[in-house]
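Topology and contacts: notes
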Amino acid sequence: MDPDFTIGRLSQQTGVNIETVRYYERIGLLPKPPRSDGGRRLYDGDDARRLSFIRRSRELGFSIDEIRALLALSGGKGRCADVHALTVRHLGDVRAKIADLRKLERTLARTAQRCARDASPECPIIEALSAPKEQR
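Residues numbered from 1 in each chain as written. Predicted model: local features only at pLDDT ≥ 70, side-chain atom pairs only at ≥ 80, totals over all residues. Heavy atoms only, no water.

Looking now at the packing of helix H4 (residues 64–73) against helix H5 (residues 80–113). At their nearest, the axes of H4 and H5 sit 10 Å apart, and the two run at 160° to each other. By the angle class used here, H4 and H5 are roughly antiparallel. H5 is crossed by H4, and the crossing has left-handed handedness. Of the residues in H5, those in contact with Glu 66, Ala 69, Leu 70 and Leu 73 of H4 are Asp 82, Val 83, Leu 86, His 90 and Asp 93. Here the contact of H4 with H5 is built from residues that sort into five nonpolar, one polar and three charged. (Axes fitted to C-alpha atoms, helices over the stretch in contact; angles between N-to-C directions. Helix = DSSP H or I, 4+ residues; strand = E, 2+ residues; numbered from the N terminus. Parallel < 35°, antiparallel > 145°, perpendicular 65-115°, else oblique. Left-handed = near helix turned anticlockwise from the far one by under 90°. Contact = heavy atoms within 4.5 Å. Nonpolar A, V, L, I, M, F, W, Y, C, P; charged D, E, K, R; others polar.)

This is the structure in structure tokens:
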């Protein structure tokens, strides 16, 4: 990449939408870049690496706060054990979500199976969705 390049080029190189780049700047995940004489944002390779790190972290489901922590620990400023601990906590959250989704899948499958799929105005799916929590 050029030593200084525009937001469009940064977006293209990292696969991060331009509006998302601006958002990451607003919330402090990405430092505000210097500007050209014409007022255009100018980025460098370090910005591209940081933005790629953020994008990949988001793809893996890390929250903005978790990414802030990972960024703070990166670059030799933290211990690998701290990164591991944060990752293991996140993995636990992912596993809990997977368990919730499996339960949701079973519930939806059971409910859909009870449906006669006919012209009747009574539908067990609508009844299940309308039932009080204790009856579900």
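The next thing to look at is the side chain of His 90. Of note, His 90 is situated in helix H5. Its relative accessible area of 8% is what places His 90 among the buried residues. With sequence-adjacent residues up to four places away left out, His 90 is seen in contact with Leu 60, Gly 61, Phe 62 and Glu 66. (Buried < 20%, exposed > 50% of the residue type's maximum accessible area, 1.4 Å probe, protein only.)

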